[in-house]
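These are the residues of each chain, in order.
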Amino acid sequence: MLNLHSKLPNTGTSIFSVMTALANEHGAINLSQGFPDFDCDQALKSLVTKYMRKGLNQYAPMSGVRELRQVIATKMQKSYGMELDPDAEITITAGATEALFSAITALVRPDDEVILIEPAYDSYRPAVEVNGGIAVTYELKAPDYKVDWKLLERLISWRTRLIVVNTPHNPTGKVFRQADWQQLQKIAEDRDILVLSDEAYEHLTFDGLAHQSMLRFPEVYTRGLAVFSFGKTIHATGWKMGCCIAPPQLTREFRKVHQYNVFSVNTPMQYALADFFADEENYIHLPAFFQEKRDFFLRQMEGVPLKPLKSEGTYFQLFDYSALSDMPDLEFAKWLTTEVGVAAIPTSAFYASGRDEKVVRFCFAKQEQTLKKAAEKLIKLGDL
Ligand code: PMP
Ligand code: GLN
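Throughout what follows, the structure given in this document is the object of discussion.

The rules we used
Residues numbered from 1 in each chain as written. Chains lettered and ligands numbered in written order. Predicted model: local features only at pLDDT ≥ 70, side-chain atom pairs only at ≥ 80, totals over all residues. Heavy atoms only, no water. Helix = DSSP H or I, 4+ residues; strand = E, 2+ residues; numbered from the N terminus. Buried < 20%, exposed > 50% of the residue type's maximum accessible area, 1.4 Å probe, protein only. Contact = heavy atoms within 4.5 Å. Areas by Shrake-Rupley, 256 points an atom, 1.4 Å probe, with all protein chains shown as cover. Lys, Arg positive; Asp, Glu negative; His and termini not counted. Charge placed at Lys NZ, Arg CZ, Asp CG, Glu CD. Expected span 1.5 Å × (residues − 1). Pairing = 2+ DSSP bridges. Axes fitted to C-alpha atoms, helices over the stretch in contact; angles between N-to-C directions. Near = heavy atom within 4 Å. Polar contact = N/O pair within 3.5 Å; in protein donor to acceptor, adjacent residues only side chain to side chain. Nonpolar A, V, L, I, M, F, W, Y, C, P; charged D, E, K, R; others polar. Core = buried A, V, L, I, M, F, W, Y, C linked by side-chain atoms within 4.5 Å. Salt bridge = Lys/Arg side-chain N within 4 Å of Asp/Glu carboxyl O.

### Some remarks on the overall build of the protein
In terms of helices and strands, the protein carries 15 helices and 13 strands. Principal-axis analysis of the C-alpha atoms gives the protein an extent of 60 × 55 × 55 Å. The buried share of the protein, taken over its 384 residues, is 56%. Within the protein, residue pairs in contact and separated by at least 24 positions form 74% of the contacts whose partners lie at least 6 positions apart. Of the roughly 16500 Å² of accessible surface on the protein, 50% is carried by carbon and sulfur atoms. For the protein, the centre of its 42 positive side-chain charges and the centre of its 48 negative side-chain charges are spaced 2 Å apart.

See below:
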């Protein structure tokens, strides 16, 4: 036997891979892993084809194609009022995952502590730990999953280097208010810590709520990096495109890792996205588009004995199943998949402690017929 001494002894296969594989194996409707079951815009595909045909198939610049960085600077200015230097502050990445990993690797030194707010997206913790950092957890509780910044501040020590936040939040669908950023700003300044803001779902906020990007808070931004995922914006999660926005000093550190992590990202896709994002018609309707899906799904789910929790953003909807079953949530999600025919994600997978709130997550980035069929299966839970 090889004596490997794994760098990540406690890390298993991501819950998203596990549940999608189970859904496929059992032919279940897959509302587990977050991805649309409809295609991206034909015009976007035509643009990629155009640039491929044009021969733009070699390495992009390490920081990204200039045209795309310029368009993103304009888009961020319009959306959040922040003036950005596309050369010094914007880096195109292989999705938000690569941006998060490169940022954490660039900043976290051995024995540095990093505050994670759980339930948390599953890539943060392994990125911290593989770099020798120590993840310090602040747990949010159902049903409101609200951050109490005073309690969170108690977790900060002289070793704390970074705090990772995520708004709109996966899996709870909660979104930050201005007051959250104001309190975080005070903590970060007082305790001299850095902030990594995962804004993968920047365009997916509902009921008139505005996305509170870190870029609206210049004082936080001076010590922060914001990460975005284009996959959610263009309905093409498989393209693995995104960006990292940070002030020049932090961007320089970020790029030291990014250049040896992937060097650069798909060239023709970057040219295509530069054209696509130049027209705001291609993204300003996203909140209404996904809000309609959320509301459609909730209407279909009326009469299903699962209790919806409020989703303010993202394309996820949580349901409390405690009135129906006392199974642990992983077991319940697997049972739903294999016996009822609808796959979900157990929220305990987002807690290192495995905290079981008897809450599962469904993805509603699906065609109406898919959501309708799923609800028709789930309605049978009432007969149990
Ligand atoms: N952060 C969050 C909160 C996510 O849900 C996801 C996955 N969609 C990512 C980051 C990763 O995004 P990408 O697919 O662009 O790597
Ligand atoms: N972000 C997606 C989700 O939460 C999945 C991403 C992945 O499969 N790694 O479902």
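### Let's talk about helix α8 (residues 178-191)
With 14 residues, α8 should cover 20 Å at 1.5 Å per step; its first-to-last C-alpha distance of 20 Å lies within 8% of that length. Burial in α8 covers these residues: Asp 180, Trp 181, Leu 184, Gln 185, Ile 187 and Ala 188. Residues of α8 that are buried in the fold lie against α7 (149-153), β5 (160-166), β6 (194-198) and α9 (218-221). Following α8 by one or two positions, Asp 192 adopts a phi angle in the positive range, close to 50°.

### Considering the sheet that holds β6
The mixed open sheet is built from 7 strands, whose spatial order is β2-β8-β7-β6-β5-β3-β4. Since the sheet does not close on itself, it has two edges, and those belong to β2 (90-93) and β4 (134-139), each with one partner. Taken pair by pair, the neighbouring strands of this sheet meet at an average axis angle of 20°, ignoring direction. Alignment of β2 against strand β8 (residues 242-245), held across 4 bridges, turns out to be antiparallel. If you follow Thr 93 over to β8, its bridge partner there is Gly 242. Of the strands in this sheet, β2, β7 (224-229) and β8 are in contact with helix α3 (residues 66-80), which crosses β2 at around 115°. On the sheet, α8 packs against β5 and β6 and is oriented at approximately 150° with respect to β6.

### Remarks on the side chain of Ser 32
For Ser 32, the position within the fold is in the loop between β1 (29-30) and α2 (42-53). The contact partners of Ser 32, leaving out residues within four places of it in the chain, are Met 19, Thr 20, Ala 343, Ala 344, Ile 345, Arg 361 and Cys 363.

### Examining the sheet that holds strand β9 (residues 307-308)
Pairing in this open sheet of 4 strands is antiparallel, and the strands run β9-β10-β13-β12 from one edge to the other. Sheet topology places β9 and β12 (345-346) at the edges, where each strand pairs with a single neighbour. Two strands pair when backbone bridges link them, and β12 and strand β13 (residues 359-363) are joined in this way by 2 bridges, in the antiparallel orientation. Its bridge partner being in β13, Pro 346 is matched across the sheet by Val 360. Relative to the sheet, helix α14 (residues 329-340) contacts β12 and β13, its axis offset from that of β13 by approximately 40°.

### Section: the site of ligand 1
Near ligand 1 you find 13 residues, and of these Thr 97, Asp 198, Tyr 201, Ser 229 and Lys 232 are the closest. Here a nitrogen atom of ligand 1 and a side-chain polar atom of Asp 198 are 2.6 Å apart. A distance of 2.7 Å is found between an oxygen atom of ligand 1 and a side-chain nitrogen or oxygen belonging to Lys 240. Protein contact buries 93% of the 390 Å² of open area that ligand 1 shows by itself. Here the element with the most residues in the shell around ligand 1 is helix α5 (residues 95-107); it accounts for 4 residues. Among the residues making up the shell around ligand 1, the classes are represented as 5 nonpolar, 5 polar and 3 charged.

### A closer look at the nonpolar core
It is characteristic of soluble globular proteins that their nonpolar side chains tend to be buried jointly. In this structure, Trp 149, Leu 215, Ile 245 and Phe 362 are the most contacted members of the largest nonpolar core, which totals 101 residues. Sequence-distant contacts of Ile 245, that is, excluding residues within four places in its chain, are made with Ile 72, Met 76, Leu 84, Glu 89, Ile 90, Leu 215, Tyr 221, Gly 224, Leu 225, Ala 226 and Phe 228. Of all hydrophobic cores here, the second largest spans 26 residues; its members include Ala 106, Val 114, Val 128 and Leu 250.

### Re the pattern of salt bridges
On inspection of all chains with the given rule, the structure shows 21 salt bridges. One salt bridge in this structure joins Arg 177 and Glu 312, with 3.0 Å as the shortest N-O distance. Remark: Glu 312 occurs in the loop between β9 and β10 (316-320) and Arg 177 occurs in the loop between β5 and α8; sequence separation between them is 135 residues. Residue Arg 177 is classed as partly exposed on the basis of its relative accessible area, which comes to 36%.

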